[in-house]
Structures are given as C-alpha cells and as structure tokens.
Amino acid sequence: MSFPIWANLRAMKRLFSPLGLVLFLMPSLLATPRFFPQIGDGKFGTTRLQTSFIFVNAGPDADFELEIFDADGLPLEMELSSLGTGSSFSVSLKAGQAIEAKTPGTGTVKIGYARFDAPETVGGTAVFIGTDVPTGTALYEAGVPASGPVNGFSIFVDSLGKRNTGIAIVAPGSGGTSAPAQAEPQTLTLTLYNLNYEQVGTAELTLQPGEKVARFVEELFPAGSPERTQASEMQGTLAVTSQGGGMAAVTLRQLAAQAFPVGVPVLTTFPVVQGTATDPSGWKLVWSDEFDGPSIDLTKWEHQIGIGQGGWGNNELEYYTARPENSRIEDGKLIIEARKEIYNDGHIARSYTSARMRTMNQGDWKFGRLEIRAKVPQGQGIWPAIWMLPTDNVYGTWAASGEIDIMELVGHEPNKVHGTLHYGGEWPRHLSSGGSYTLPSGTFSDDFHVFVLEWEEREMRWYVDDIHFLTQNSWHSNSANTPAPFPAPFDQRFHLLLNVAVGGNWPGIPDSTTVFPQKMEVDYVRVYQRD
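Residue numbers run consecutively from 1 along every chain, following the written order of its sequence. pLDDT decides what is reported in this predicted model: residues at 70 or higher carry local features, side-chain atom pairs at 80 or more are listed and counted, and totals for whole chains, interfaces and linings draw on all residues regardless. Side-chain numbers come from the whole structure's heavy atoms, not from hydrogens or water.

Asks: Whenever I open this one, the overall build of the protein chain confuses me. Can you help?
Replies: The numbering of helices and of strands both runs from the N terminus, where a helix is a DSSP run of H or I of at least 4 residues and a strand a run of E of at least 2. Of regular secondary structure, the protein chain possesses three helices and 36 strands. Note on classification: 1.4 Å probe, protein chains only; a residue is buried when its accessible area is under 20% of the maximum for its type, exposed when over 50%, partly exposed between these limits. In the protein chain, which comprises 531 residues, the proportion classed as buried is 56%. Should any heavy atoms of two residues lie within 4.5 Å, those residues are counted as being in contact. Taking the intrachain contacts of the protein chain between residues at least 6 apart in sequence as the baseline, contacts between residues at least 24 apart amount to 72%. Of the roughly 21100 Å² that the protein chain leaves accessible, carbon and sulfur atoms contribute 50%. Residue burial considers only the protein chains on display, and all accessible areas are found by Shrake-Rupley using a 1.4 Å probe.

Have a look at this one:
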C-alpha cells in the first residue's frame, strides 16, 4: 500500500513549492514506456499557465530525454529555464542530483504533452500539478502512487467540494506497462476507506488484457447508492488489489471545482496513454489513404450512387453521384461537396447532389483505431458523417448487426459533433447510445480536427483532437434469427463510410440561411490494429 508514499509526496511538494506542472522522479517507477503528462504554458484570458519540472535522480548517474508534443503528436517548442528552447532536451543527472526547469508562462498559450525516456535507474513516483500562476489556483494533479506493474497499491481520496479523485489503470498487454502480455481477464478489488480507515464500500473492476480505464472514484459504485454519495464528498483512501497479473496505475485529481481554464480538461488520462495521436504506440498501421494522388483511389473507395431506399433510410434530399463536382482530390485532400442543383438521372430528379463513399470489401476491419483528420461543413440541413457499417450483416438487417458513428454533425449546431452506436434488434426494435463533444470556441468548419475511434473487443472510445469525450462498453444484438451475446454485434467486420447528406430526419431541410456549396475536406484516413 502506498498511502505513506503519497504523504511523502505532499511533503516534497511543500519543500520545493514549484508553480505549474510538477514532476518528481524517485526510485523504481517509470519503466519504459514513459507516461504522458499534460503540460501547458502561456496566457489566455486572465489565466497564466506555467510549467515547472523537477527531476530527482535517486539512483546512479543517468541520462534521459524529455520530449514535448502538441495535441496532434507533432514536436512542440517550449522554453525551459536551465535547459534552453526546443521540443527535445537531453538531461544528465548524477546520483542524488536534482534539476528544476520552468516555462516562462508568457505569450500565446501552448498545450501539449511530455514524454520521458530514461533508464530503469531513473524512476519513481510522479506527481503532476497544474496551476494558474496569478491566482495560485490548482487545476488538477496526476501521480503514480506505486511501482508499475504492481499487484496492490492505494491512493489518497479527496472529493470534498467536488474536487474529485480519479484513477486510471492499464492492464498488461497494452504497451502501457512493461509487464508481459497476459491472456486472461484481470479482476481488481477496490476498497474505499475513510480517514479513520473504516470501510466505506467495495467494488470490483474487470480488465481485459491490454485494457485501459479511467474513472472518478465515485463512478466505481452504482448510481444512487450510499457508497457513491459518500465517495463524492469525503477524504480517505482507495485500496486496489489485483487477483491476476500486475498493473500500472495513475491517480487523477481534479483540484479546481470548476472546469478551469475552458477547453483544458482538469481530469486528464494521458499519463496511461503510450504514443501519440499520429503515431499511436501499440497500434500498427494496416490501412491508410493520405489522398496524395491525382484522383480518388478506387482500389480503396467505392461510390454509392442514387437516393437509396427512403432517402437512404433517413428521408435525405440529395442524389449521390461519382462526378468530380461532388468528390475529388484537391491539394492532397479528399473533397466531398454538397451542391444545390437540379440533377436528373433519367428516372429521378433531385434538387441537391453530394457524394457517399465507402471502403466495403476494400477496407474491412474487426477492431482497431480509426483516425480521420477533416474539416467539416455547416449550415441548416447539412449533415456530414464519418461512420461504419457491418460488411456481412451476420446478425440481421439494421440495426441488429450494428452501426458505429465516429463523427456526425448537424449543420445548425456547427460546434458540436456526436459519437453513437446503433444496435439491438432489427428496425424498429433498434437502440442507440452515445455522446457529444462541443468545441470551447469556433466551429468545426473553421479548421481541421482529428476524429478518432478506438474500437476494442469490449470497449469503444471516441476522441476529438486527442480529447477523450466518450466511452461505451455496453451493447447487444437480439435479432430473432440469431441471438448473440456481448460483444455482438461489434465483433464482426465493419467498413468505413464518408458522406455529406442534405436534409433528413435529424438535420431538417435547408432554408434561406443555408449556403451552397458545402464541402467536407479530409486530410487523411488511417486505420491501426494491435501489434
């Protein structure tokens, strides 16, 4: 159990009193690969964010590397006192030596992530604290309370005033820990104690090999239960023990009662993420289209033509074509363009045209990480989507065989995107569940954004610009013809679709405010699967 370690960290914090995000390195924790703390520097609004790094080498003489990346995984240049300016720094520390480096906290705000590469002799418990310099307001703190992988540890819980404590755990097999991969699920027992070490409640958490989870402590207990109520407003200890292999864990603490500053998550799970958005470690690139050729690669994409049945099932108003007016390559990007024009194929006339493209039988995957960088159109009645359908419909017609919506936007809400699963029975006995992400400022048509789905056997996670906004791990298929247990229907091959619809049940019809043409620009599509 590591509560004494946590107490020692608090004493060290008082000793050094650094501003910003703080890292302590002490013996035997950070085994390669290193964790990814979120960092920040600069002014935005009345906030002045500064990062301080304190490195302590409690082992023999050692060299290590510090690298800084932006949200897209690209090198991010920052100024660090005593180290200089750059995105990569080499640091040599003798045994027992410590070094402190600070960012200036001035200029335009920069938000990114740090990566550390060090020998096993440099390691230990790490704490990261985000602070607004002018007010001294602590925003969040993340730390690793015990050597990983381990079979047991404890964290300090402080949820008074809704300053919620969280925990992120990664099981062997993911690349997020140095432990060997395991083939069996891992059951964790989580026991919550108050300050008198009286038991408040017990919960269990089952992790599949390679699985990563992040939860507020109160979320470990059922909604409405006395344990959840008490966990949301208490101080104490959470003890975690593993009945299987070892695990690596990060504690996550929201210190500011309000989400502050806007757009920066106060509960970050990045310390358990290995790799970056553009080069996700632990995943192998298996399919991609960078759209660098002169025309659409028809060995990867197929156009769907026409109006579909019932307006593609949604009462949409467009006619999908394969014409370059509606889909083409420009400047290394795929353009899907919705146009207001009369189009007649000799049988059917429509007042709008657009394009709908799919990878069916040319790109089909069961599980994986799908990453799409795109600029999304807007306007009343405009409905862009990045989504997936089953290739084989093993469990029956829609939605018994499932649908995965990576990104949908209805044009009258240009700053909000949605991630959704459709499952259950065949229409009309279908079900859906999901969530949404709203930009802190601007719209999705202003610039490119990276949309990511991480689809594993028993869990799916949605991200926008590396911000994790949705996790789903409960669904089912109950087709009368083929009853199937979880994780059906999302245990079969799916293919990717890109389209811009006009009209339909959800966005409504265009009106006088809708500007045409509207374009979805796609910079790249990349699909990864586990090594």
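What follows picks up the thread again.
Asks: Just checking my understanding: could you explain the confidence of the model for the protein chain for this structure?
Replies: Residues shown with low pLDDT carry predicted positions that ought not to be read at fine detail. Of the residues in the protein chain, 68% reach a pLDDT of 70 or more, and the chain-wide mean stands at 76. Within a predicted model, pLDDT stands for the predictor's per-residue confidence, ranging from 0 to 100. For the stretch residues 174–182, pLDDT sits under 50, and the model shows 27 contacts to residues farther than four places along the chain or on other chains. Predicted confidence for residues 254–280 stays below pLDDT 50, and this span has 84 contacts to residues more than four positions away or in other chains.

Asks: Can you walk me through the packing of aromatic side chains in this structure?
Replies: Aromatic ring pairs are defined here through the distance separating the ring centres and the angle between the ring planes. Pairing of aromatic side chains here covers Phe, Tyr and the six-membered ring of Trp, requires ring centres within 6.5 Å, and sorts the geometry by plane angle: under 30 degrees stacked, over 60 edge-to-face, intermediate tilted. For the coordinates displayed, the defined rule picks out 14 aromatic pairs. A centroid spacing of 5.8 Å and a plane angle of 75° characterise the contact between Trp-287 and Trp-301, whose relative ring orientation is edge-to-face. Linking Trp-287 in strand S19 (residues 283–289) with Trp-301 in the loop between S19 and strand S20 (302–303), this pair joins segments that are 14 residues apart in sequence. One exposure class covers both Trp-287 and Trp-301, and it is buried. Both rings, one in Phe-444 and one in Phe-451, keep their centres 5.9 Å apart while their planes meet at 35°; by these two values the pair is tilted. Residue Phe-444 is classed as buried on the basis of its relative accessible area of 0%. A connected cluster of aromatic rings, assembled from ring pairs, spans Phe-367, Trp-455, Trp-475, Phe-486, Phe-490 and Phe-494. The ring of Trp-287 is capped by Lys-300, whose NZ or CZ atom sits 5.6 Å from the centre of that ring. We count a charge as sitting over a ring when the NZ of a lysine or the CZ of an arginine lies within 6 Å of the ring centre and within 35 degrees of the ring normal. Cation over ring: Arg-526 sits above Tyr-524, and NZ or CZ is 3.6 Å from the ring centre.

Asks: Is there a simple way to think about the pattern of salt bridges in this case?
Replies: A side chain with one charge may pair with a side chain of the opposite charge, provided their charged atoms come close. When a carboxyl oxygen of Asp or Glu lies within 4 Å of a side-chain nitrogen of Lys or Arg, that pair is called a salt bridge. For the coordinates displayed, the defined rule picks out 16 salt bridges. The closest approach of N and O atoms between Arg-323 and Glu-341, which form a salt bridge, is 2.5 Å. One end of the pair, Arg-323, is in the loop between strand S21 (318–320) and strand S22 (327–330); the other, Glu-341, is in strand S23 (residues 333–344), with 18 residues separating them in the sequence. Put simply, Arg-339 and Glu-337 hold a salt bridge, and the shortest N to O gap is 2.9 Å. We classify Arg-339 as partly exposed; its relative accessible area is 26%. Sharing partners across several salt bridges, the network here consists of Arg-369, Glu-371, Glu-454, Glu-456, Glu-459, Arg-461 and Arg-530.

Asks: Looking at this model, I keep getting lost on the nonpolar core. Mind explaining?
Replies: The nonpolar side chains of a soluble globular protein tend to be buried, and buried together. By nonpolar core is meant a set of buried Ala, Val, Leu, Ile, Met, Phe, Trp, Tyr and Cys residues that side-chain atoms within 4.5 Å join together. If you look at the biggest cluster of nonpolar residues, it comprises 48 residues, and the most contacted ones within it are Met-388, Ile-404 and Phe-451. Looking at this core, the element that brings in the most residues is strand S35 (residues 494–502), giving five residues. Every residue in contact with Met-388, bar those within four places of it in the chain, is listed here: Trp-365, Leu-370, Glu-403, Ile-404, Ile-406, Leu-453, Trp-455, Phe-494, His-495, Leu-496 and Leu-497. Formed by 17 residues, the second largest nonpolar core is a distinct cluster that contains Leu-188, Leu-192, Ala-231 and Val-240.

Asks: Could you clarify how one ought to interpret the pairing of strand S30 (residues 416–424) in this entry?
Replies: A regular strand places its side chains so that they alternate between the two faces of the sheet. In terms of burial, S30 is largely enclosed, as eight of its nine residues are buried. Being paired, for any two strands, means DSSP has found at least two bridges between them. Two strands pair when backbone bridges link them, and strand S29 (residues 403–408) and S30 are joined in this way by four bridges, in the antiparallel orientation. Following the sheet pairing, Asp-405 is matched in S30 by Thr-420. Summarising the sheet, S30 and strand S31 (residues 430–438) pair through nine bridges and their orientation is antiparallel. For His-418, the partnering residue across the bridge sits in S31 and is Ser-436. Counting the residues in the hairpin turn of S30 and S31 gives five residues.

Asks: Even after reading the chapter, I still don't get the environment of Tyr-437, so can you show me in this structure?
Replies: Examined against the element boundaries, Tyr-437 turns out to sit in strand S31. Of the residues examined, Tyr-437 reaches a relative accessible area of 12% and is grouped as buried. For the pair formed by Tyr-437 and Ile-467, sequence separation is 30 residues and the distance between their alpha carbons is 9.1 Å. When neighbours within four sequence positions are excluded, Tyr-437 is seen to be in contact with Asn-415, Lys-416, Val-417, Phe-444, Val-464, Ile-467 and Phe-469.

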